[in-house]
Amino acid sequence: MSSDAPLAVEPMPYKFNESRRHKIPKARYRVANWPEYDAALVRRGSLTVWFTEEAVAAWHAPATGERGGQPVYSAIAIETSLALRLVFHQPLRQTEGLLRSIADVLGINIAIPDHTTLSRRGGGLTILPKRIDRAEPLHLLVDSTGLKIYGEGEWLDQKHGIRSRRRWRKLHLGVDADTHEIVAVELTPDDVGDVSEVPDLLDQIDAEVASVTADGAYDGEAVYDAVAERHPSATVIIPPRATSVAGETTATQRDQHLAMIDEHGRMGWQRRSGYNQRCLVETAMFRYKTIIGRRLQARTLSNRKTEAKIGCNVLKLNRMARLGMPVSARVH
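Residues numbered from 1 in each chain as written. Predicted model: local features only at pLDDT ≥ 70, side-chain atom pairs only at ≥ 80, totals over all residues. Heavy atoms only, no water.

Q: Help me understand the overall build of the protein chain, please; the structure alone is not making it clear to me.
A: Helix and strand content of the protein chain: 14 helices and eight strands. Burial status across the protein chain gives 42% buried among its 332 residues. Of the contacts formed within the protein chain by residues at least 6 apart in sequence, a portion of 64% connects residues at least 24 apart. About 19,100 Å² of surface is accessible on the protein chain, with carbon and sulfur atoms providing 52% of the total. (Helix = DSSP H or I, 4+ residues; strand = E, 2+ residues; numbered from the N terminus. Buried < 20%, exposed > 50% of the residue type's maximum accessible area, 1.4 Å probe, protein only. Contact = heavy atoms within 4.5 Å. Areas by Shrake-Rupley, 256 points an atom, 1.4 Å probe, with all protein chains shown as cover.)

Here is the structure:
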């Protein structure tokens, strides 16, 4: 490699002004629809938002028609109970008491699952992200983050000051860039790579995908192939590595990104390609950790997957987004 080769490598925009970032004034924003957003924040505390009439009507499980014991509670009853647990940050036993008190206050004659039933049934629930049907293709934003799990190692740290390996799980999200709703979610152990989960996230989406945007960790042929296999006309917007070179035989989407970077620089590529929208998936992760929490409460991986999907789909994020979202305008 020649001595002047590093001069062609431009830093990504978030590192472009690293040395003098403290001198750059921070951008200020205001909420342009504050009355509507304020009313939505109030509605989030209503029990009827989470304990719906549809859930009460389908509370008891229908007969299976098979011999043996029959389930007492439907899947929506277990899902609603676990949703309330996450909304009010309660352990399973306190969640059981909360459900009983809600049923008494509302005058509803339903059986309440105990905490052991919630723990046992939670791992077997099939929960798919729900989204509002739309005519336009979906612009998908993909990223992952870590969620802590409480275990022996952290207890040793607090009790004896012993350094131990941090234990956590990886949450993979797919976010609709237009509605900010989470349309695909998967929870995996921390040793699972980001690229390997892209096919599973795409399989959860039954709508047409117009584009897939992710950060440089997803730069790989496997991601491009997975998108092309399921959505041939979709655009893949992923920043190539600084050491990437264009192919010699065919002009791929990745080669087009490299050509645009050579012509306009990485900051110019970011503006022209629409890569800036990727910040919305990071905002969704911030909302999850702020509202749901940074730590998983369940003890087993199957229950943790259910907890993460309920947290993304039913209670705090998608349903709260439908109640109302802020419209921010920059103050100049």
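Q: How do you make sense of the pairing of strand β3 (residues 168-176) when you look at a structure like this?
A: When a strand is regular, its side chains alternate between the sheet's two faces. The element β3 is largely enclosed, with a buried count of eight among its nine residues. Pairing of strand β2 (residues 138-149) with β3, which is carried by nine bridges, proceeds in the antiparallel orientation. Paired with Val142 across the two strands is Gly174, which belongs to β3. Sheet analysis places β3 next to strand β4 (residues 182-189), joined by seven bridges and oriented antiparallel. Following the sheet pairing, Arg169 is matched in β4 by Pro189. Counted along the chain from β3 to the antiparallel partner β4, the turn is five residues long, and its residue His180 has a positive phi close to 65 degrees. (Pairing = 2+ DSSP bridges.)

Q: Where do I start with the environment of Asn313 in this structure?
A: Along the chain, the position of Asn313 falls in helix α13 (residues 301-313). In this structure the C-alpha to C-alpha distance between Asn313 and Val183, which are 130 residues apart in sequence, comes to 7.9 Å.

Q: Explain unusual backbone geometry here, please?
A: Most peptide bonds adopt trans geometry, and most residues besides glycine take a negative phi value. One non-glycine residue, His89, lies in positive phi territory at about 55 degrees. Structurally, His89 can be placed in the loop between α5 (75-88) and α6 (92-106). Positive phi values are uncommon outside glycine, yet His180 reaches one of about 65 degrees. Looking at where His180 falls in the secondary structure, it is placed in the loop between β3 and β4.

Q: What exactly am I supposed to notice about the nonpolar core here?
A: Within soluble globular proteins, side chains that are nonpolar tend to cluster in buried spots. In this structure, Phe51, Trp59 and Leu82 are the most contacted members of the largest nonpolar core, which totals 21 residues. Breaking this core down by element, the ones donating at least two residues are α5 and α6. The greatest single-element share of this core, amounting to seven residues, is contributed by α5. Beyond its immediate stretch of four places on either side in the chain, Phe51 contacts Val56, Trp59, Thr80, Leu84, Leu99, Ile102, Leu106, Ile108 and Ile110. One finds Leu140, Val198, Tyr218 and Tyr224 within the second-largest nonpolar core, a separate group that totals 20 residues. (Core = buried A, V, L, I, M, F, W, Y, C linked by side-chain atoms within 4.5 Å.)

Q: Can you help me understand the packing of aromatic side chains in this one?
A: How two aromatic rings sit relative to each other is given by the distance of their centres and the angle of their planes. This structure, assessed with the given rule, holds two aromatic pairs. Seen in terms of ring centroids, Trp34 and Tyr37 are 6.0 Å apart; in terms of plane orientation they differ by 70 degrees. Their pairing is edge-to-face. Taken as a pair, Trp34 and Tyr37 lie in helix α2 (residues 34-43) at a separation of three residues, close to a single helical turn. We classify Trp34 as partly exposed; its relative accessible area is 43%. On the basis of an interplanar angle of 40 degrees and a centroid distance of 5.3 Å, the ring pair of Trp269 and Tyr275 is categorised as tilted. With respect to burial, Trp269 and Tyr275 carry one shared label: buried. (Phe/Tyr/Trp six-rings, centres within 6.5 Å; stacked < 30°, edge-to-face > 60°.)

Q: How should the packing of α5 against helix α7 (residues 115-122) be read in this particular structure?
A: Each packed pair of helices is defined by two parameters, the angle between the axes and the distance between the axes. Orientation of α5 relative to α7, taken along the N-to-C sense of each, is 110 degrees, at an axis distance of 10 Å. Taken as axis vectors, α5 and α7 run roughly perpendicular relative to one another. In this structure, α5 contributes Ala75, Ile78, Ser81 and Leu82 to the contact, and α7 contributes Thr117, Leu118, Arg121 and Gly122. In the contact of α5 with α7, the residues fall into four nonpolar, three polar and one charged. (Axes fitted to C-alpha atoms, helices over the stretch in contact; angles between N-to-C directions. Parallel < 35°, antiparallel > 145°, perpendicular 65-115°, else oblique. Nonpolar A, V, L, I, M, F, W, Y, C, P; charged D, E, K, R; others polar.)

Q: Whenever I open this one, the pattern of salt bridges confuses me. Can you help?
A: When the charged atoms of two side chains with opposite charge come close together, those side chains can pair. Evaluation of the coordinates by the stated rule reveals nine salt bridges. Residue Arg230 is joined to Glu229 by a salt bridge in which the shortest nitrogen-to-oxygen separation is 3.8 Å. On the accessibility criterion, Glu229 (64% relative accessible area) is exposed. Across the pair Glu282 and Arg278 runs a salt bridge whose closest N-O atoms are separated by 2.7 Å. Residue Glu282 is classed as partly exposed on the basis of its relative accessible area, which comes to 39%. Exposure remark for Arg278: the relative accessible area of 12% places this residue in the buried category. Bridged by salt links that share partners, the residues Asp143, Asp215, Arg278 and Glu282 form one connected network. (Salt bridge = Lys/Arg side-chain N within 4 Å of Asp/Glu carboxyl O.)

Q: What am I meant to see in helix α12 (residues 279-292) here?
A: Residues separated by three or four positions in an α-helix point in the same direction, a consequence of the helix having 3.6 residues per turn. Counted at 1.5 Å a residue, the expected span for α12 with its 14 residues is 20 Å, and the 20 Å between its end C-alpha atoms agrees. Among the residues of α12, Val281, Ala284, Met285, Arg287, Tyr288 and Ile292 are the ones counted as buried. Looking straight down α12, one finds that the buried residues subtend no more than 155 degrees of arc, so they occupy a single side. Seen from the open side of α12, the exposed residues pointing more than 90 degrees away from its buried face are Phe286 and Thr290. Count one or two residues on from α12 and you reach Gly293, which has phi positive near 130 degrees. (Expected span 1.5 Å × (residues − 1). Arc of directions from axis to C-beta.)

In short, the description is geometric, and any link to function would need to be established separately.
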